[in-house]
Amino acid sequence: MVFYVLAKLPEIQEKVREEIYEVVGDKDDVSYEDLTKLHYLSQVIQETLRMYPPTARTNRTCTEEIIIGGIQFKPQFTFSVPVYVIHYDERYYPEPEKFDPDRFLPDEKSKRDPLTYLPFGYGPRNCIGMRFADLEMRMAVVHLIKRFNFTPANDAPDLPVKINTSSLTRTEQVLYVNAEKI
Ligand code: HEM
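These figures come from a predicted structure and were not determined experimentally. (Residues numbered from 1 in each chain as written. Predicted model: local features only at pLDDT ≥ 70, side-chain atom pairs only at ≥ 80, totals over all residues. Heavy atoms only, no water.)

1. Re the overall build of the protein chain
Right, on to step 1. Of the regular secondary structure elements, the protein chain holds seven helices and eight strands.
Right, on to step 2. Taking the principal axes of the C-alpha coordinates as reference, the protein chain spans close to 60 × 40 × 25 Å.
Right, on to step 3. Restricting to contacts in the protein chain with at least 6 residues of sequence separation, those with at least 24 account for 69%.
Right, on to step 4. Surface summary for the protein chain: the accessible area is close to 11300 Å², and the carbon and sulfur share equals 54%.
Right, on to step 5. Of the charged side chains in the protein chain, 23 are positive and 28 negative, and the gap between their average positions amounts to 4 Å. (Helix = DSSP H or I, 4+ residues; strand = E, 2+ residues; numbered from the N terminus. Contact = heavy atoms within 4.5 Å. Areas by Shrake-Rupley, 256 points an atom, 1.4 Å probe, with all protein chains shown as cover. Lys, Arg positive; Asp, Glu negative; His and termini not counted. Charge placed at Lys NZ, Arg CZ, Asp CG, Glu CD.)

Here it is as structure tokens:
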């Protein structure tokens with residue numbers, strides 16, 4: 001998804017590429033240290049996961065009775081946390097359909113409740129692979145953006161791309177990008 005977004009937003013793609021050249025330069029051997037310095041790339045990945053979270057909702061089962069906001073939850077009740085809906089709530093993300101990596105600048109991020117950003121879930125049973133996935137995504141973008149310029153293929157739909165959220169999220173149509181060697 002991130003390559004599609006970058007193909008559609010060439011200024012953001014260029015900014016990501018510039019940061020990668022500054023931090024990594026020409027070397028092929030990208031270290032963990034290098035990846036931790038790619039702050040703008042991290043913001044782009046976070047914004048991609050806000051708009052296109054692979055999991056649209058996550059479920060929990062109550063172990064004990066509790067009342068939250070006047071709603072009574074009994075033991076064994078199962079309920080869904082609507083991740084996708086929360087990520088598009090204007091109270092937390094003004095103009096939610098706009099792709100804006102600056103929402104994840106440290107200052108902006110610190111103004112929001114952490115429960116408003118849930119691509120990896122939350123709490124003791126959140127995603128165990130979160131950090132690994134983050135590093136993998138950064139590494140993939142670094143190697144590909146260094147070598148290729150991405151542009152939208154013919155008839156590529158505009159952003160935001162329509163998403164089917166019935167189970168794991170997926171785009172309603174197949175998305176293609178052109179990759180041109182730099
Ligand atoms: C972008 C990539 C990924 C996303 C968006 C993602 C998202 C999620 C979400 C939303 C949950 C449920 C968390 C909750 O209910 O609070 C979850 C659970 C889990 N994920 Fe991921 N995940 C990703 C990659 C990975 C990877 C790479 C691994 C393994 C290497 C992994 C392993 C797991 C496991 C084992 C759980 C269950 C944890 C538990 O029940 O205690 N995930 N993930």
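What follows continues from the structure just given.
2. Topic: the site of the ligand
Right, on to step 1. In the vicinity of the ligand lie 16 residues, with T58, R60, Y122, R125 and C127 positioned nearest.
Right, on to step 2. In this structure, T58 approaches the ligand through a side-chain N or O atom, which is 2.4 Å from an oxygen atom.
Right, on to step 3. Those elements that provide at least two residues to the shell around the ligand are strand 1 (58-61) and helix 7 (130-147).
Right, on to step 4. Per element, the largest residue contribution to the shell around the ligand is three residues, and it comes from helix 7. (Near = heavy atom within 4 Å. Polar contact = N/O pair within 3.5 Å; in protein donor to acceptor, adjacent residues only side chain to side chain.)

3. Remarks on the UniProt feature "binding site: heme" (unreviewed entry) in the protein chain
Right, on to step 1. UniProt records the feature "binding site: heme" (unreviewed entry) for C127 in the present numbering.
Right, on to step 2. The topology assignment puts C127 in the loop between helix 6 (106-110) and helix 7. (UniProt positions renumbered as here; feature names shortened; annotations may be inferred.)

4. Here we look at the nonpolar core
Right, on to step 1. V16, V44, V142 and I145 are the most contacted members of the largest nonpolar core, which has 36 residues in total.
Right, on to step 2. Contributing elements (two or more residues each) for this core: helix 1 (2-8), helix 2 (10-24), helix 4 (39-51) and helix 7.
Right, on to step 3. If we ignore the near neighbours within four places in the chain, the residues touching V16 are L6, Y40, L41, V44, V141 and I145. (Core = buried A, V, L, I, M, F, W, Y, C linked by side-chain atoms within 4.5 Å. Buried < 20%, exposed > 50% of the residue type's maximum accessible area, 1.4 Å probe, protein only.)

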